[in-house]
Amino acid sequence: MENTQIYNKRVPVCFQVAGATSNTEIGSTAESVFVVGNSEELGLWSPKQAVLLTRQGESDVWKGVVDIAEGFLLEFRYVVAMVAEPVYEGDKRGIVVSKWETNIKPRQLVVSADCNNETAIFGNYGNLERVGSGWLQGYSEVRLTLKNNSIHMWKSRDQKRRYQIKITPVDLRHRESTTSMIGVDDDDTDGSAGVQPMKGPFPDVEICVLTSDGDFVFRKQSQFGQLYNENDIVVFRAKTYHGQFLAFQVDFFLHNQWEPELFPQYAGFAYILPMNLKRMHGEKFIPITGVKHTPIGQLEELLWHEKTL
């Protein structure tokens, strides 16, 4: 069936979906739910032109209403994504899709005056459940790989300890002043200035431990990061439209094997800046700074890879 008829009357179509996000993620993620489809109103399958839905309170239900020509055979999919705001005047927004409905056939409906208020389940239709990561193209994916005992502390006492590691994206566009590598200038006594964690929308950094049984799929990091074991190969990834402004803050926590339920003690941090990575080739070496802002070790065997999808 082709959409060759000329349509005049436009009617409101209700889009409502649940299960795309968790209600426990409210406030902790920049990701939202969009609908994209084969009409001009839904972006003609371009994620950059997708329609943003509105979250209903603190639930995982997202809803939106779009006026579309009556009688039109509408095809559409729901996607979970974040908005990358334009850097320069005149640029269009970017959409970084983290997951989308991947059934071979998209959802379909013939537009009518009756708004369908039934709540769909994300990825579940046609007696199938299909959800994939990413989208087809349009953004960069940055991966950081730690291997061959990457955490090297200088003091013998620190070398005997085990560490949890967490990586957070940093937006280099949000800087309060000119700073040193560790983000503290001469007049900053509390460490509040310098490169800041992402203030704008940005996807979570995902992690995959290749040397752990059953942990080969990328997932979100836990609050205090991943325990790094000897000989682990750990891959972190993030997706962005603005790779030139992306840096990573690496936080290290002391692992307490006797009382793991307690908050781990903060041990130090490192900054992985793109301008430094691009000057180096192959394996990278990044200094680790302790809580007293003195160097305590270094990250070794660090592999950095960026590709455009």
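For the structure given in this document, a descriptive report is provided here. Owing to the predicted nature of the structure, the values given are computational and were not obtained by experimental measurement. (Residues numbered from 1 in each chain as written. Predicted model: local features only at pLDDT ≥ 70, side-chain atom pairs only at ≥ 80, totals over all residues. Heavy atoms only, no water.)

1. With respect to the nonpolar core
- Within the largest apolar cluster, 28 residues are counted, with the highest numbers of intra-cluster contacts made by I151, F236, F248, V250, F252 and L299.
- Considering each element in turn, this core owes the most residues, 5 residues, to strand β21 (residues 246-254).
- Residues within four places of I151 in sequence aside, it is in contact with Y163, Y228, F252, I288, Q298 and L299.
- The next biggest cluster of nonpolar side chains, apart from the first, holds 21 residues, and it includes F15, I68, V80 and V111. (Core = buried A, V, L, I, M, F, W, Y, C linked by side-chain atoms within 4.5 Å. Buried < 20%, exposed > 50% of the residue type's maximum accessible area, 1.4 Å probe, protein only. Helix = DSSP H or I, 4+ residues; strand = E, 2+ residues; numbered from the N terminus. Contact = heavy atoms within 4.5 Å.)

2. Considering the packing of aromatic side chains
- Counted according to the given criterion, the structure contains 6 aromatic pairs.
- Residues F76 and Y78 carry aromatic rings whose centres are separated by 5.7 Å and whose planes lie at 85 degrees to one another, so their mutual orientation is edge-to-face. Like F76, the residue Y78 is buried in the burial classification.
- Through successive ring pairs, a cluster of aromatic residues spans F224, F253, F263 and Y266. (Phe/Tyr/Trp six-rings, centres within 6.5 Å; stacked < 30°, edge-to-face > 60°.)

3. Section: the pattern of salt bridges
- Within the structure shown, the criterion is met by 5 salt bridges.
- When the shortest N-O distance is used, the salt bridge between R10 and E41 registers 2.8 Å. Of this pair, R10 sits in strand β1 (residues 10-18) while E41 is found in the loop between β2 (32-37) and β3 (51-52), placing the two residues 31 residues apart along the sequence.
- What makes E41 partly exposed here is its relative accessible area of 25%.
- Taking the shortest distance from any N to any O, the salt bridge between D158 and R157 comes out at 3.3 Å.
- Given the relative accessible area of 7%, D158 is considered buried.
- Where salt bridges share partners, they join R157, D158 and R161 into one cluster. (Salt bridge = Lys/Arg side-chain N within 4 Å of Asp/Glu carboxyl O.)

This is a description of form; function is not addressed.
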